[in-house]
Amino acid sequence: MSITSLFKSIFFILFFSVNTFAQDTYQTLLIDSDLKKNANAIIRSSHTEITIDARDKLITKQQRVVTVLNKYGQKHEGAYVYYDDSKSIKTLEAVIYDAFGKEVKKYKKRDFLDLSVADGVSIFNDNRAKRIDYTPSAYPYTIVFNLETISTNTAFLPQWYPIEGYHVSTEHSSVKIINNSEIQLSFKETNLEDFKIEKPSEFYYEAKNISALSNEAYSPSFTQIVPSVKFALKQFSMEGVAGENTDWNEFGKWINDKLIAGTQDLPETVKLEILNLTADAKTPLDKAKIVYNYMQNKTRYISVQIGIGGWKPMLASDVDRLGYGDCKGLSNYTKALLDVVGVQSYYTIVYGDSDIRDIDATFSSLQGNHAILSIPDNDSYITLECTSQTVPFGYNANFTDDRDVLIVTPTGGQIVHTKAYATNENSQITNATVNLDISGNINAKINIKSKGTQYSKYRRLEAQTEKENILDYKAYFDGINNIQITNLLFNNDKDSIEFEEQIALNAKNYAKKAGNRLLFEPNLFNKSKNIPPKYANRKLPFKIDRGFVDTDQYTIVLSNNLKVEALQEDVTIKNKFGEYQFSITKTDENTLVYNRTLTINKGDFNKDDYKAYRLFRAEVAKHDASKIVLQII
């Protein structure tokens, strides 16, 4: 063999070997079957290296390989980057491979879409994003993503979550921080042992072969159950503004002095107007209610991401002039108005969501996604949600309730807990009068009063058209066929925070004929059909975030040619999850009274308790669907 032929053969072998290795690396068939189970996407490798060179210099390198198994996993591609004037992009590229490891498409930096983070919602925004625009022709596919950025902003150090969501498995994930500055780097580790997270060296963590978690009903907040590591510098820079962060007190003072101070001046005409409006108010709380109503009527919410990293609120004078603001601007504007009338309030940072998530009281850093206002009230605080034009004064259920938040005071930050609604506060009381005739037809008038977390239905019902509401009630009363809603009336009492519904309806053949008898379900209007799903081997603990009490009383008037043949026995079930009671009594020959109470307690429970809870809810559903027998005479 000639030297030339030999080199050609060696080149062919090497090229074939490298090419085969690359294809094998991204072949979906080679992925461990345990990682595919219950997964929509697989993090094949995600390696993040963060270098802190100075208080105002942060270099981040990320190499990421993700196999997307179906359309639900596409949101976990992760091929995007946020940037602004403080963050430059040095490297940005992506490559798509098909299921066999064959390259399909390659993206250079110039091929990425450049978008406003606002996505058509925000009107001002100095933050942007680059992402790929890829529509797969088939699943699975694999995306390889490489990124390097340089930032002068060291306030936001990435948090490491090796499990990126439900139904996402992780083959290999790591994070490494190289701290070349002389600034102390603090960190907090959570749930590492449960997932066998390795720590090869200081500020270096690795996760390997973590199977996907399924999203089980009543699971705690995702961030509570997965492994994570948080990082924060004791001294940092945000958009050139130096900050100190030894604890929440100091961090809160920095927010007050550097982000809030100087933003609350108002025009003299506005000050005079609000002073006149509150002149006859007898208490600070009365003044606060007038100010809150004034703000709601004058402004509207719109997302505005502007200023230092999106954390500095708009000027209160601009909010007043323009009539709009985001959560930061509207909360700050309301605080400025309250300052004018001498009512103390505090700008407050919170994780706003229906899931309950705390600001971490043990680890000071930039946290939260929402701003509200807190007014001291003896030993607690009244929370003002300033982005809504309809929410009552002090109502925070289902979004900012029962969680640790950071209040910002002139002397520093403090972690406090927002109002938690007790089980008996979250009430729904239903009273009804029902007329039943010999054909099984019903005619009913219903009154429903809701408070606490159950009050929030007002948002939907008041915003919808009558036609939409009628469709809603038909769905809610889905056990009643041939239903006709003949009248609807709502009363929203914002002072007592009670929502009242008055409904008139009729339906044909609700009670079913069986020879000369009628089979009648006395629970017409509030059947519990929510039986939690069954799991052969539940993995996660379960949590009931908010308890409630439903109380129902229906007076059932029988026509003269009907009489009671058989009634149900009274039922009482009581356990740590709650209590269920129902009874049906005969008060005279033509009148029955149905009473029912369902109480569900809030609480944290072991995964082994879930089966008993499910059986409890199944028993409730069974009794709610029970029938009585009426004889036709």
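Placed above this text is the structure.
Residues numbered from 1 in each chain as written. Predicted model: local features only at pLDDT ≥ 70, side-chain atom pairs only at ≥ 80, totals over all residues. Heavy atoms only, no water.

Q: Can you help me understand the side chain of E206 in this one?
A: Checked against the element boundaries, E206 lands in strand β12 (residues 204–210). Buried within the structure, E206 lacks any salt-bridge partner; its nearest side chain of opposite charge belongs to K208, at an N-O separation of 4.5 Å. There is a polar contact of 2.8 Å between the side chain of E206 and the side chain of H172. Once residues within four sequence positions are removed from consideration, E206 is found in contact with W160, H172, S173, S174, I197, E198 and P200. (Helix = DSSP H or I, 4+ residues; strand = E, 2+ residues; numbered from the N terminus. Buried < 20%, exposed > 50% of the residue type's maximum accessible area, 1.4 Å probe, protein only. Lys, Arg positive; Asp, Glu negative; His and termini not counted. Salt bridge = Lys/Arg side-chain N within 4 Å of Asp/Glu carboxyl O. Polar contact = N/O pair within 3.5 Å; in protein donor to acceptor, adjacent residues only side chain to side chain. Contact = heavy atoms within 4.5 Å.)

Q: What's the story with the sheet that holds strand β27 (residues 512–514) in this structure? I'm lost.
A: Strands belonging to one sheet form pairs held by backbone hydrogen bonds; the direction of such a pair is parallel or antiparallel. Read across the open sheet, the four strands follow the order β27-β28-β36-β31; overall the sheet is antiparallel. Two strands close off the open sheet at either side, each with one partner strand: β27 and β31 (562–566). Here the strands of the sheet are splayed against their neighbours by 35° on average, with no regard to which way each runs. Direction of pairing for strand β28 (residues 517–520) relative to strand β36 (residues 628–632): antiparallel, over a ladder of four bridges. Bridge pairing links R517 to Q631 in β36. (Pairing = 2+ DSSP bridges. Axes fitted to C-alpha atoms, helices over the stretch in contact; angles between N-to-C directions.)

Q: Looking at this model, I keep getting lost on the state of the cysteines. Mind explaining?
A: Throughout this description, disulfide means a covalent bond between two cysteine sulfur atoms. If you walk through the whole model with that rule in mind, you get zero disulfides. No disulfide involves C327; its nearest neighbouring cysteine sulfur is the one of C386, lying 9.5 Å away. For C327, a relative accessible area of 12% gives the class buried. Take C386: its relative accessible area is 2%, and that puts it in the buried class. (Disulfide = S-S within 2.5 Å.)

Q: Sorry if this is basic, but what is going on with the pairing of strand β18 (residues 346–350) here?
A: Remark: a regular strand shows side chains that alternate across the two faces of the sheet. Among the five residues in β18, five count as buried, and that is most of the element. Here β18 shows no split at all, with Y346, T348 and V350 on one side and Y347 and I349 on the other all buried. Direction of pairing for β18 relative to strand β19 (residues 370–377): antiparallel, over a ladder of five bridges. In the strand pairing of β19, I349 is matched with A371. Where β18 and strand β21 (residues 404–409) come together, three bridges link them in antiparallel fashion. Counted as the bridge partner of I349 is L406 from β21.

Q: What exactly am I supposed to notice about the pattern of salt bridges here?
A: Close approach of charged atoms lets side chains of opposite charge pair. Following the criterion strictly, the structure yields 35 salt bridges and no others. Note that D552 is salt-bridged to R596, the shortest N-O span being 2.8 Å. With D552 in strand β30 (residues 548–558) and R596 in strand β34 (residues 591–600), this residue pair connects regions lying 44 residues apart in the sequence. Looking at R596, the relative accessible area reads 2%, which means it is buried. Of the charged contacts, one joins D609 and K576 as a salt bridge, the two residues approaching to 3.1 Å between their closest N and O atoms.

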